[in-house]
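# Descriptive structure summary
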Amino acid sequence: MFRLFLLLFIAIPLVEIYFLIQIGEVIGAWPTILLVVLTAVIGVGLLRWQGFSTLMRFQTQLAQGQVPAMPLFEGLLLVVAGALLLTPGFVTDAVGFVLLVPPLRQGLIRWAIQRGVIRTGPPGSGPGEPPGGGPRTIEGEFKHRDDD
C-alpha cells in the first residue's frame, strides 16, 4: 500500500506538469493559469452545493431512524473531490468533477461495497473483533475477600 501511495505521489504531479506544459504551449501561459483558477472556483461552487445536498439527505435519513451510510460515504468522496479540485492541474480537476456527479459518485460507492473495499455490516464483522459485535463476556464466579 505504501508503494502505491509513493507511486501516486510521484506520478500525479508529473502527469499534471506534462498537461500544464502541453496546454500552455497551445493556449499560452496566462490563459492556462486562468483556466486552472477558473476550474477551481467552479469546482468549489459545485462542491458547496453538492455538500449541502448530501448533508440534507444525511440529516433526513438520520431523523427517519435510518442509517445514513450512502450520504456518509458520499460526504467522504466530496472531501476527496474538494482536495482534487483545489490541487492545480487538469487531470485532478477532471477526477474531482467526476466525483461531483451524484450518479457516478453513488455508482463508485456501490462498486466499492460489492468489491469489499468498503465494508458495511454490523459492528464486530471486521477482523479481530468478537463475533456478534458486542463486548466479550467471560462467565465465572467472584468472591470478595477482606485481608484485614
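Described in the following lines is the structure provided in the data block. (Residues numbered from 1 in each chain as written. Predicted model: local features only at pLDDT ≥ 70, side-chain atom pairs only at ≥ 80, totals over all residues. Heavy atoms only, no water.)

From N to C terminus, the protein chain includes 5 helices and 0 strands. Ordered by position from N to C terminus, the α and β elements of the protein chain give α-α-α-α-α. Here the protein chain, with 148 residues, has 22% of them falling under the buried criterion. Of the contacts made within the protein chain by residues no fewer than 6 positions apart, 51% connect residues no fewer than 24 positions apart. Carbon together with sulfur atoms contributes 70% to the accessible area of the protein chain, which is approximately 11,400 Å² in total. (Helix = DSSP H or I, 4+ residues; strand = E, 2+ residues; numbered from the N terminus. Buried < 20%, exposed > 50% of the residue type's maximum accessible area, 1.4 Å probe, protein only. Contact = heavy atoms within 4.5 Å. Areas by Shrake-Rupley, 256 points an atom, 1.4 Å probe, with all protein chains shown as cover.)

This part covers a nonpolar patch on the surface. On the surface, V26, I27, L35, L38, I42, L46 and W49 cluster together to form a nonpolar patch covering roughly 670 Å² of accessible area. For the nonpolar patch, the secondary-structure elements that each account for two or more residues are helix 1 (2–27) and helix 2 (29–63). Examining the composition of the nonpolar patch, we find that 5 residues originate from one element, helix 2, more than from any other. Looking at the element boundaries, L38 is found in helix 2. What makes L38 partly exposed here is its relative accessible area of 45%. (Patch = residues over 30% accessible without salt bridge, like charges linked within 9 Å, V, L, I, M, F, W, Y side chains within 5 Å. Salt bridge = Lys/Arg side-chain N within 4 Å of Asp/Glu carboxyl O.)

For the structure shown, the criterion picks out 1 aromatic pair. Ring geometry for Y18 against F19: centres 5.5 Å apart, planes inclined by 80°, an arrangement best described as edge-to-face. The exposure class of Y18 is partly exposed, given its relative accessible area of 48%. (Phe/Tyr/Trp six-rings, centres within 6.5 Å; stacked < 30°, edge-to-face > 60°.)

With that settled, the discussion passes to the environment of Q50. Tracing the chain through its elements places Q50 in helix 2. Overall, Q50 belongs to the buried group, its relative accessible area being 7%. Residues Q50 and E74, spaced 24 residues apart in sequence, show a C-alpha to C-alpha distance of 9.5 Å. Ignoring any residue separated from it by four or fewer positions in sequence, one finds Q50 in contact with L78, L100, P102 and R105.

Packing of helix 3 (residues 69–86) against helix 4 (residues 90–99) brings their axes to within 8 Å, and their N-to-C directions diverge by 155°. Taken together, the axis directions place helix 3 and helix 4 in an arrangement best described as roughly antiparallel. By crossing handedness, the relation of helix 3 to helix 4 is classed as left-handed. Listed contacts from helix 4 to L77, L78, V80, A81, L84 and L85 of helix 3 are T92, D93, V95, G96, F97 and L99. Here the residues of the contact of helix 3 with helix 4 sort into 9 nonpolar, 2 polar and 1 charged. (Axes fitted to C-alpha atoms, helices over the stretch in contact; angles between N-to-C directions. Parallel < 35°, antiparallel > 145°, perpendicular 65-115°, else oblique. Left-handed = near helix turned anticlockwise from the far one by under 90°. Nonpolar A, V, L, I, M, F, W, Y, C, P; charged D, E, K, R; others polar.)

Just geometry here; none of it tells us what the structure is for.
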